[in-house]
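Report on the structure
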Amino acid sequence: MKKYIVEGGNPLFGEVQISGAKNAAVAIIPAALMVDGVCRIENMPQISDATLLMSILQDMGAHIRVLNKSTVEIDCSSLHNARIPYDSARRCRASYYLIGALLGRFGAADVALPGGCDFGGTRPIDQHLKGFHALGAQVEVQGGFIDARAVDGDRLHGANIFLDKVSVGATINIMLAAALADGYTVIENVAKEPHIVDVANFLNSMGANIKGAGTDIIKIRGVERLHGGTYSIIPDQIEAGTYMAAVAACGGQIKVCNIIPKHMDCITAKLLEMGVEVEEIDDNLLVRRIGPLVKTNIKTMPYPGFPTDMQPQMAAALCLAHGTSIITESIFSSRFRYTEEFKRMGAQIQVDGNLAVIEGVDHLTGAQVEACDLRAGAAMIIAALAAYGTSEIRGVQYIERGYENVIEKFRGLGGNISVSEIPDEEEALSAG
Ligand code: UD1
């Protein structure tokens, strides 16, 4: 196991290149299994969630060629359907997309219930299952597995589906299954995140007929087969936002490169309120903080609202803002576990249900902290870079699930951060 050592207290300067979007990649890889041909996927982020999903496809007979750092070819022409075991599914939440993709391609899926980031509350998938059922699948949850199969032969059929909850995962999963179903599907009250549009664009470029992604209603005319093609994944909104929050917390000036500025509006707006300067230059943002940080209130919402996946990173910056800030988490019932770690660094935070009240302090001090999930881990890097003294961050495997070359990228901005191995005996002690 590894840990990160961070010497904090310095502003950040320089340029950072943003990688392909994690949450698009982890849906597009399962989507590739529906394609009868070679998918060349560009701007694929090098993150462990993507590697894991590709290895699951390989186990089912996919041929995968890595052409360069960010381009892969996935050929699932001779794929066989297989049970996805617990050991694979539990390591990545997005493994739930394998259900929709396998149902679409084979009319049957047998996948262990997903794992991934545990925010402390439950993360149900009832809306995914409701959608599969409407598309003509019989769905059973038994022994930790979801066994879903088309009732009429090997193909699902189109349906009208109204989601009870705006869900990113359910929207994409139902879209996957419906893309190869027989007939017309309308999904209402869908999520509108940029990566939903990206997955729809990917499928369309492989021959699917999906309209309306990015609006409240998605309409899908099922096609017989998907063919190979080339597709480039959009830049990662949350990775970009993480570096923007870092410069807010640490001060300095950075250029966040290769992004879609429109996707950043919800994050940029909050940073401007906090006294951070953000300037758009083509597909880059120049982010500068020279003066003091000012308090603000944040409420997480489905896109185009403020993303829950940016909430911990902004909290890190708000710990250092003048005044009292309130964060309202309205997507997940419990996503403030990380605040206990911030308190170890001197932050003043009170959590009450889905509210966190942050009283800004003059400075944080380095401490030993543990990442409890992916975005909490990123927030701990930010807090540690802003803090005086040395911090040790454990649980970094969560961070590497979704951030490409995070150490190198922060070092490129002047962050003093290194990796070290946790000695076996120390690991045994902390596990106990
Ligand atoms: C996805 C993202 C995650 C992000 C989240 C919200 C991926 C792989 N993960 O997670 O990074 O934090 O969107 O933007 O893209 N819900 C139900 N029933 C369901 C599904 C969801 O009640 O069947 C609830 C959830 O508990 C949550 C809310 O709906 O309260 C939104 O969840 P959802 O958008 O589905 O999140 P995920 O797809 O799990």
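For the structure, see preceding data.
A short tour of the structure in this document, coming up. (Residues numbered from 1 in each chain as written. Predicted model: local features only at pLDDT ≥ 70, side-chain atom pairs only at ≥ 80, totals over all residues. Heavy atoms only, no water.)

1. Here's the deal with the overall build of the chain
Counting its secondary structure elements, the chain contains 15 helices and 23 strands. Taken over C-alpha atoms, the radius of gyration comes to 22 Å for the chain, in line with the 22 Å a tight globule of 432 residues would show. Counting only C-alpha atoms and orienting by the principal axes, one finds that the chain spans roughly 65 × 45 × 45 Å. Split into buried and exposed, the 432 residues of the chain put 57% on the buried side. Of the contacts formed within the chain by residues at least 6 apart in sequence, a portion of 74% connects residues at least 24 apart. Element-wise, carbon and sulfur atoms account for 49% of the exposed surface of the chain, whose accessible area totals about 16600 Å². Positive and negative side-chain charges in the chain, numbering 37 and 50 respectively, have mean positions lying 2 Å apart. (Helix = DSSP H or I, 4+ residues; strand = E, 2+ residues; numbered from the N terminus. Rg over C-alpha atoms; globule rule 2.2 N^0.38 Å. Buried < 20%, exposed > 50% of the residue type's maximum accessible area, 1.4 Å probe, protein only. Contact = heavy atoms within 4.5 Å. Areas by Shrake-Rupley, 256 points an atom, 1.4 Å probe, with all protein chains shown as cover. Lys, Arg positive; Asp, Glu negative; His and termini not counted. Charge placed at Lys NZ, Arg CZ, Asp CG, Glu CD.)

2. Observations regarding unusual backbone geometry
Following Y303, the chain continues into P304 via a peptide bond in cis, with omega recorded as 15 degrees. On the secondary structure map, P304 appears in the loop between β17 (298-299) and α10 (311-318). Backbone geometry places N258, a non-glycine residue, at a positive phi of 65 degrees. Along the chain, the position of N258 falls in the loop between β14 (252-257) and α9 (265-273).

3. Thoughts on the packing of helix α1 (residues 22-32) against helix α2 (residues 48-59)
Remark: α1 packs on α2, axes separated minimally by 9 Å, with the N-to-C direction vectors making an angle of 0 degrees. In this view, α1 runs roughly parallel relative to α2, as classed from their interaxial angle. Between α1 and α2, the residues in contact are K22, V26, I29 and P30 and D49, A50, L53, M54 and L57, respectively. Residue composition of the contact of α1 with α2, by class: seven nonpolar, no polar and two charged. (Axes fitted to C-alpha atoms, helices over the stretch in contact; angles between N-to-C directions. Parallel < 35°, antiparallel > 145°, perpendicular 65-115°, else oblique. Nonpolar A, V, L, I, M, F, W, Y, C, P; charged D, E, K, R; others polar.)

4. Focus: the sheet that holds strand β16 (residues 284-289)
Spatial strand order, β2-β14-β16-β15: four strands in an open sheet with mixed pairing. Pairing within the sheet leaves two strands with one partner each, and these edge strands are β2 (12-17) and β15 (277-281). Within the sheet, the average angular offset between the axes of one strand and its neighbour, ignoring direction, is 10 degrees. Pairing of β14 with β16, which is carried by six bridges, proceeds in the antiparallel orientation. Along β16, the bridge assignment pairs C257 with N284. (Pairing = 2+ DSSP bridges.)

5. Quick look at the sheet that holds strand β6 (residues 108-112)
Here three strands make up an open sheet; going across it, the order is β6-β8-β7 and the pairing antiparallel. With partners counted over all chains shown, the strands left at the sheet margins are β6 and β7 (137-142), one partner each. Neighbour-to-neighbour, the strand axes of the sheet open up by a mean angle of 10 degrees, direction not taken into account. Bridging between β6 and strand β8 (residues 145-150) involves five bridges; their strand directions are antiparallel. Among the inter-strand pairings, A108 is bridged to a residue of β8, identified as R149. Along the sheet, helix α4 (residues 97-106) contacts β6, β7 and β8; its crossing angle with β6, the most-contacted strand, is approximately 160 degrees. Seen against the sheet, helix α5 (residues 126-134) touches β7 and β8 and runs at an angle of roughly 145 degrees to β7.

6. Describing the pairing of strand β4 (residues 63-68)
Here β4 pairs with strand β5 (residues 71-75) via five bridges, running antiparallel. The partner of I64 across the bridge, within β5, is I74.

7. Some remarks on the site of the ligand
In the region of the ligand, 22 residues are neighbours, and Y96, Q127, S167, D309 and I331 sit closest. A distance of 3.2 Å separates an oxygen atom of the ligand from a polar side-chain atom of N23. Between an oxygen atom of the ligand and a main-chain N or O atom of G169, the distance comes to 2.9 Å. Within the complex, the protein chains bury 90% of what would otherwise be the 740 Å² of accessible surface of the ligand. One can see that the ligand is located within the largest pocket. (Near = heavy atom within 4 Å. Polar contact = N/O pair within 3.5 Å; in protein donor to acceptor, adjacent residues only side chain to side chain. 1 Å grid on protein atoms, 1.4 Å probe; cavity = no way out; pocket = protein on both sides within 12 Å on 5 of 7 lines; lining within 4 Å. Sits in = over half its atoms within 2 Å of the grid points.)

8. Observations regarding empty space enclosed by the protein
Scanning all chains against the criterion turns up one cavity of 30 Å³ or more. A volume near 30 Å³ is recorded for the largest cavity. In terms of lining residues, the largest cavity is bounded by S19, G20, K22, P45, I47, D236, E239, G402 and E404. The class makeup of the residues in the lining of the largest cavity is two nonpolar, three polar and four charged. (Points joined across faces, edges and corners; volume = space filled by probe spheres on them.)

9. Observations concerning the nonpolar core
One broad rule of soluble globular proteins: the nonpolar side chains tend to lie buried together. One finds L33, I74 and F202 to be the most contacted residues of the largest nonpolar core, which totals 81 residues. In contact with I74, not counting residues within four places along its chain, are I29, A32, G37, V38, C39, I41, M54, L57, H63 and I64. Counting residues in each nonpolar core, the second largest holds 75 residues, with M244, M274, L293 and I381 among its members. (Core = buried A, V, L, I, M, F, W, Y, C linked by side-chain atoms within 4.5 Å.)

10. Topic: the layout of surface pockets
By volume, the largest pocket amounts to about 1100 Å³. Listed by contribution, the elements that provide at least two residues to the lining of the largest pocket are α1, α5, α6 (168-179), α7 (194-205), α8 (237-250) and α12 (374-386). Residue composition of the lining of the largest pocket, grouped by class: 25 nonpolar, 12 polar and 13 charged. Here the second largest pocket is characterised by a volume of approximately 240 Å³. Class assignment for the residues of the lining of the second largest pocket results in 10 nonpolar, five polar and two charged.

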